[in-house]
Each structure stands twice: as C-alpha cells, then as structure tokens.
Amino acid sequence: MRVHLSEPARAVVVAGAAVVPALVCAALVPFRMRIENTNAALALVLVVVAAAATGVRWAGIVAALSGTVCWAFFLTQPYQQITITDRADIETAVLLTLVTLAVAEILWGRRQQARASQQQDYLGGVLRTAGIVAAGSSHTEGVIEHVADQLVELLGIDDCYFDSDTRDAAPAAIVRDGTVVRRGRDLEVERYGLPTDCEIELRVHHDGITRGRFLLVASTRVARPSVAQRQVAVALADQVGAALATHNRSW
C-alpha cells in the first residue's frame, strides 16, 4: 500500500533529492581520473530514479537538475566550476539533463496512472454495492457481509464486523470526511497508521439517522489507508445504511 507523505515529509524528500547527487559526485572525486564521465552520469541516473520512485514529482525534477550541476562542478574540467569546455562533456551534460528529467516524468506519470486506476477501483466497489442496494434485496445480511469484506480489503485491516448497538462509542472512529479521531484528537493515519490497540468505529448513516456501525480491527499490522480510501469506506457504510432503511420500511 502506498504511503501518502505529509507536506513536511515531502519537503524533506525534495531537499534530499537536491543533496544526494552532490554527495554522490563528491564521493566520486577521488576516482574522477579513472572513471569516464559518462559512467558517472549513469550513476546519477540511478539517483534520479530513486528520487522519482518516492512519488514526489519535484523530487525527481530537483534530483535531475542537481545531478547535472553537481556532475559539471565535481567531475568535469575545469573542476569546482559550473563550466564545461569539452564538447563531449557538454553533450553528456545535455543528455544527462534530458534523460533524467524524462525518467522522472515517466515514473511520476506511471504513478499517477496507477492512482487513477486505484480510484476507479474504489468507485467500482461503491457502485457495485449501490447496485445491490438498488436491486431491493431483502437480504441485508448479505449486503453487510459484502461491505465488511470490501472494508477489510480497502483499508488493509484484519477484520470488520457490524454492530447495531451504537450506545457505547468506540475509542477511535472514522468520521464523515475520512478523518480518524481518537478521544477527540485527529490522528495522522498516513504517518502512524490506524490504531492497533482498539477497535475503530465507522458509523452507518442514512437520512441523518444512525443505523448501526462497523467495528474495524487492525491489531496485527499497521494499516495506513489514504484519505480517499477512508472516504470510500464512509460511502460504503452509507450504502449499508440505505439497505437497512429500505429493509425497515418494507416491514
């Protein structure tokens, strides 16, 4: 499951993407008379790939630009100057910049495609559940089981079960906007994960009425569902609320 970085964490990643190419080039200085500049440039491509793989777009771009500047400064003559006099080195610098920028953008684009596909899967799950409810099935137990299975898979948790008794609130809860609240405090799920020492409540609503709740268990592993995943979980729970409301009216 992909971890979503907070803004401070993203800033740290971008800063690291600027510094690491400099460290790599500095480490190659003692060997620059024995290593072809093109080989050093290839090493920097690997650094850019690693930066782009973090999923932070600017990390790949910054690493690409930093790599070219540091390569010119440390490894091409005249040394310790951002000046290149050799024609072959100029061509290598241009290629290094273009290739690393292209690699960074391609990797970022693929991650965006994967995210879009994931979002489509989430929507598909909600629509399938809505279809079951719209079909007017009288088997609410089947709808509840279906949603419980989806919640386990969606959130990456251990277990999930439905409880019609909502008188005693659980210590932690997923609220309407996908935020996880524990004893009145918002939790940084992307950083710390869902609570592992207590059940997490996801209330089932319809027409402003609480129809029950799902109790989520994430005790054996740290689950870090994204805000989007938690919002989908809320939408799925609401589908159960609609099914329960329809079932009660039919009686």
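Heads up: these notes are all about the structure in this document. (Residues numbered from 1 in each chain as written. Predicted model: local features only at pLDDT ≥ 70, side-chain atom pairs only at ≥ 80, totals over all residues. Heavy atoms only, no water.)

As a further point, take the sheet that holds strand β1 (residues 159-163). In spatial order, the strands read β1-β6-β5-β2-β3-β4; together these six strands make up an open sheet with mixed pairing. The outermost strands of the open sheet, each flanked by one partner alone, are β1 and β4 (185-186). With five bridges joining them, β1 and strand β6 (residues 209-217) adopt antiparallel strand pairing. By the bridge assignment for β6, D159 is matched with V217. Of the strands in this sheet, β1, β2 (172-174), β5 (200-206) and β6 are in contact with helix α5 (residues 140-155), which crosses β6 at around 45 degrees. (Pairing = 2+ DSSP bridges. Helix = DSSP H or I, 4+ residues; strand = E, 2+ residues; numbered from the N terminus. Contact = heavy atoms within 4.5 Å. Axes fitted to C-alpha atoms, helices over the stretch in contact; angles between N-to-C directions.)

Here we come to the packing of helix α1 (residues 7-28) against helix α2 (residues 37-52). One can describe the packing of α1 onto α2 by two numbers: an axis separation of 10 Å at closest approach and a directional angle of 155 degrees. For the element pair α1 / α2, the angle class is roughly antiparallel. For the pair α1 and α2, the crossing hand works out as right-handed. Between α1, through A17, V20, P21, V24, C25 and L28, and α2, the contact on the second element is made entirely by A40, L44, V47 and A51. A per-class count over the contact of α1 with α2 returns 10 nonpolar, no polar and no charged. (Parallel < 35°, antiparallel > 145°, perpendicular 65-115°, else oblique. Left-handed = near helix turned anticlockwise from the far one by under 90°. Nonpolar A, V, L, I, M, F, W, Y, C, P; charged D, E, K, R; others polar.)

Attention now moves to the packing of aromatic side chains. Tallying each qualifying case throughout the model produces two aromatic pairs. Note on F73 and F74: the rings are 5.0 Å apart at their centroids and 85 degrees apart in plane angle, and the pair reads as edge-to-face. Classification of F73 by relative accessible area gives partly exposed; the value is 26%. Between F162 and F214 the ring centres are 5.4 Å apart and the planes differ by 70 degrees, which places this aromatic pair in the edge-to-face class. Separated by 52 residues along the polypeptide, F162 in strand β1 and F214 in strand β6 bring together distant segments of the chain. Residue F162 is classed as partly exposed on the basis of its relative accessible area of 24%. (Phe/Tyr/Trp six-rings, centres within 6.5 Å; stacked < 30°, edge-to-face > 60°. Buried < 20%, exposed > 50% of the residue type's maximum accessible area, 1.4 Å probe, protein only.)

A few words on the pattern of salt bridges. All chains considered together, the criterion is met by 10 salt bridges. One salt bridge connects R87 with E91, and the closest N-O pair in it is separated by 3.5 Å. Linking R87 with E91, this pair stays in helix α4 (residues 87-134), spanning four residues, or about one helical turn. One salt bridge in this structure joins R176 and D238, with 2.7 Å as the shortest N-O distance. Pair noted here: R176 is in the loop between β2 and β3 (180-182) and D238 is in helix α7 (residues 227-250), with a separation of 62 residues, a long-range link. Residue classification places R176 among the partly exposed positions, given a relative accessible area of 48%. Among the ionic contacts, a cluster of salt bridges with common partners joins D163, E201, R203 and R213. (Salt bridge = Lys/Arg side-chain N within 4 Å of Asp/Glu carboxyl O.)

What follows is about the environment of S219. Mapped onto the elements of the fold, S219 is located in the loop between β6 and α7. By relative accessible area, S219 is classed as partly exposed at 43%. With 22 residues separating them along the chain, S219 and D197 place their C-alpha atoms 6.2 Å apart. When near neighbours in sequence (up to four residues on either side) are disregarded, S219 contacts D158 and T196.

A few words on the environment of L215. By secondary structure assignment, the location of L215 is in strand β6. Taking relative accessible area as the criterion, L215 reaches 3% and is therefore assigned buried. A sequence separation of 54 residues divides L215 from Y161, and the C-alpha atoms of the two residues are 5.5 Å apart. Excluding residues that lie within four positions of it along the chain, L215 makes contacts with D159, C160, Y161, D163, A170, E199, I200 and E201.

A grouping of I90, V94 and L98 is seen on the molecular surface, where their side chains present a nonpolar patch of about 260 Å² in accessible area. The class of V94 is partly exposed, set by a relative accessible area of 44%. (Patch = residues over 30% accessible without salt bridge, like charges linked within 9 Å, V, L, I, M, F, W, Y side chains within 5 Å. Areas by Shrake-Rupley, 256 points an atom, 1.4 Å probe, with all protein chains shown as cover.)

Bringing the packing of α1 against helix α3 (residues 57-75) into the picture now. A packed helix pair is summarised by two numbers, namely the angle formed by the two axes and the spacing between the axes. Packing of α1 against α3 leaves a shortest axis separation of 8 Å and a crossing angle of 25 degrees. Of the possible angle classes, the one that applies to α1 and α3 is roughly parallel. Where α1 crosses over α3, the two elements pack in a sense that is right-handed. Side by side, α1 and α3 meet where V13, V14, A17, A18, P21, A22, C25, A26 and L28 of the first sit next to W58, A59, V62, A63, S66, G67, C70, W71, F74 and L75 of the second.

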